[in-house]
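These are the residues of each chain, in order.
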Amino acid sequence: MDILVTGAAGFIGSAITRKLLDRGDSVLAVDNLSPYYDVQLKRDRLSLLSGHSEFKFLEMDVAHQSEFHQAYREFSPHVVVHLAAQPGVRYSIEHPEEYIHSNIGGFFSVLETCRQEKCRHLVFASSSSVYGANTKMPYSVHQGTEHPLSLYAATKKSNEMMAHSYAHLYRLPCTGLRFFTVYGPWGRPDMAAFTFARKILAGEPIEVFNEGHHHRDFTYIDDVTEALTRIVDRPPVTNPLWSGEFPDPGTSLAPYKIYNIGNHSPVLLSDFITILEKLLGRKAVRQLKGLQPGDVPDTYADVEDLQLDFEFKPNTPLEEGLASFVAWYQKYFKIS
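None of the values given here were measured: they were computed from a predicted structure. (Residues numbered from 1 in each chain as written. Predicted model: local features only at pLDDT ≥ 70, side-chain atom pairs only at ≥ 80, totals over all residues. Heavy atoms only, no water.)

Asks: Explain the sheet that holds strand β1 (residues 2-6) here, please?
Replies: The strands making up a sheet are joined through hydrogen bonds of the backbone, oriented either antiparallel or parallel. Read across the open sheet, the seven strands follow the order β3-β2-β1-β4-β5-β6-β11; overall the sheet is parallel. Looking at the sheet topology across the chains shown, the edges are occupied by β3 (55-59) and β11 (256-261). Adjacent strand axes in the sheet meet at a mean angle of 20°, parallel and antiparallel pairs treated alike. Pairing of β1 with strand β2 (residues 26-31) involves five bridges; the strand directions are parallel. (Pairing = 2+ DSSP bridges. Helix = DSSP H or I, 4+ residues; strand = E, 2+ residues; numbered from the N terminus. Axes fitted to C-alpha atoms, helices over the stretch in contact; angles between N-to-C directions.)

Put into structure tokens, the structure is as follows:
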């Protein structure tokens, strides 16, 4: 297929682009190379893709609708995988305007283009953050998500609602993916594995929020891309059993579906750090802190729908995934 991937220089974006190219798809990769974190890391991810004959990259902000629409029309993809967004729960408290521009404006641009060009399938990134104040575990796509705790989470919830309206009005098939703490080689520098590894190796103290009592459903990048490639190939269909009297948030009478992409195995943050210490051969200097504004204490993904529909669920053990991350980190930064 011809597939357009936005946010293709990002962690998940570059990984799914590589997997799609390796299986024979043609990919138009779009990214604005935001300086939110080290742009060189993004360029290095792209360099791994440049040798593929079916790969093309455009530096572009998807929120610029006319420019994005023109690129779409010239490439004429079968599927759009929309991963471009401003990430980060804590950053959204300090720079809310970035989230409105990228996550709301950018997504509207993508939706409008997909509508006008009659895209066969829009797959877009949501987040486990949408579960917000929910405490019933594991988080299910069939429970409501009306109480986000950060603007980042609110923009992702908004994306789901915007997509549903387009699926209903224009029969645009939309699949939303709620990612749960994705980690692995080529990961984001603002995420726990990367931040902790850097500070532990430098002998600097690490900030351990909620005094390490967080539980996180850490999900390995290869599991994420495996799920994504299966989902890309199958646009959602209407659920004939859906009822407005008892509305199911995860499905619809429209061609719309939501999936959790998580490991279904939450890990205590303090245990995550202990595993990382063993792999690095260094002890961390832990500075225990309180719960950060906007953070949720625990995440835990119910992946039953993913397993039923695609016969797959993420299952990489944390020790194995972190070992791969550490090996990449030491090689990338030339650490003996």
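Asks: Can you help me understand the side chain of Arg 188 in this one?
Replies: Structurally, the position occupied by Arg 188 is in the loop between β7 (182-183) and α7 (192-202). Take Arg 188: its relative accessible area is 19%, and that puts it in the buried class. Engagement of the side chain of Arg 188 in a polar contact is seen with the side chain of Asp 190, the distance being 2.7 Å. Setting aside residues up to four positions removed in sequence, Arg 188 forms contacts with Phe 11, Tyr 37, Arg 45, Pro 87, Gly 88 and Phe 194. (Buried < 20%, exposed > 50% of the residue type's maximum accessible area, 1.4 Å probe, protein only. Polar contact = N/O pair within 3.5 Å; in protein donor to acceptor, adjacent residues only side chain to side chain. Contact = heavy atoms within 4.5 Å.)

Asks: For this particular structure, what's the right way to read empty space enclosed by the protein?
Replies: Any space left empty among the atoms is revealed by the rolling of a water-sized probe across them. The final tally for this structure, using the stated rule, is three cavities of 30 Å³ or more. Roughly 80 Å³ of volume is contained in the largest cavity. For the largest cavity, the lining is made up of 14 residues, of which Val 182, Tyr 183, Met 191, Ala 192 and Ala 193 are closest to its centre. Every element with two or more residues in the lining of the largest cavity is listed here: β7 and α7. It is α7 that contributes the most residues to the lining of the largest cavity, three residues altogether. The residue makeup of the lining of the largest cavity, split by class, is ten nonpolar, three polar and one charged. The calculated volume of the second largest cavity comes to roughly 50 Å³. Around the second largest cavity, the lining residues are Ser 140, Val 141, His 142, Tyr 259, Asn 260, Asp 302, Val 303, Glu 304, Asp 305 and Leu 306. The set of elements that each furnish at least two residues to the lining of the second largest cavity consists of β11 and α10 (304-310). Counting residues per element, the lining of the second largest cavity draws most heavily on α10, which supplies three residues. A per-class count over the lining of the second largest cavity returns four nonpolar, three polar and three charged. (1 Å grid on protein atoms, 1.4 Å probe; cavity = no way out; pocket = protein on both sides within 12 Å on 5 of 7 lines; lining within 4 Å. Points joined across faces, edges and corners; volume = space filled by probe spheres on them. Nonpolar A, V, L, I, M, F, W, Y, C, P; charged D, E, K, R; others polar.)

Asks: I would appreciate a short explanation of the packing of helix α3 (residues 65-75) against helix α5 (residues 96-116) in the present structure.
Replies: When two helices pack together, their arrangement is given by the angle between the helix axes and by the axis-to-axis distance. Interhelical geometry of α3 versus α5 gives an angle of 40° and a closest axis separation of 10 Å. In terms of orientation, α3 lies oblique with respect to α5. For the pair α3 and α5, the crossing hand works out as right-handed. The residues of α5 that touch α3, namely those facing Gln 65, Phe 68, His 69 and Tyr 72, are Phe 108, Ser 109, Val 110, Glu 112, Thr 113, Cys 114 and Gln 116. The class makeup of the residues in the contact of α3 with α5 is five nonpolar, five polar and one charged. (Parallel < 35°, antiparallel > 145°, perpendicular 65-115°, else oblique. Left-handed = near helix turned anticlockwise from the far one by under 90°.)

Asks: When you look at the nonpolar core in this model, what are you seeing that I'm missing?
Replies: Generally speaking, soluble globular proteins have nonpolar side chains that are buried together. Phe 179 and Phe 272 are the most contacted members of the largest nonpolar core, which has 96 residues in total. Non-local contacts of Phe 179, meaning those with residues more than four positions away in its chain, are made with Ile 12, Leu 83, Ala 125, Ser 126, Ser 127, Ser 128, Val 224, Leu 228 and Ile 261. (Core = buried A, V, L, I, M, F, W, Y, C linked by side-chain atoms within 4.5 Å.)

Asks: Please clarify how the side chain of Asp 248 should be interpreted in this entry.
Replies: In this fold, Asp 248 is placed in the loop between α8 (221-232) and β11. Buried and unpaired, Asp 248 has no salt bridge, with Lys 257 as the nearest side chain of opposite charge at 6.5 Å. Excluding residues within four positions of it along the chain, Asp 248 makes contact with Val 141, His 142 and Trp 242. (Lys, Arg positive; Asp, Glu negative; His and termini not counted. Salt bridge = Lys/Arg side-chain N within 4 Å of Asp/Glu carboxyl O.)

Asks: What is the right way to look at the packing of aromatic side chains in this model?
Replies: The geometry of an aromatic ring pair is captured by the separation of the ring centres together with the interplanar angle, meaning the angle of the planes. Within the structure shown, the criterion is met by 27 aromatic pairs. The interplanar angle of 65° and the centroid separation of 4.8 Å between the aromatic rings of Tyr 36 and Tyr 91 together place this pair among those described as edge-to-face. Placement of Tyr 36 in the loop between β2 and α2 (39-47) and of Tyr 91 in helix α4 (residues 89-94) is noted, with a sequence separation of 55 residues between them. Taken together, a centroid distance of 5.3 Å and an interplanar angle of 80° make the contact between Phe 194 and Tyr 329 edge-to-face. One end of the pair, Phe 194, is in helix α7; the other, Tyr 329, is in helix α11 (residues 318-332), with 135 residues separating them in the sequence. The exposure class of Tyr 329 is buried, given its relative accessible area of 5%. (Phe/Tyr/Trp six-rings, centres within 6.5 Å; stacked < 30°, edge-to-face > 60°.)

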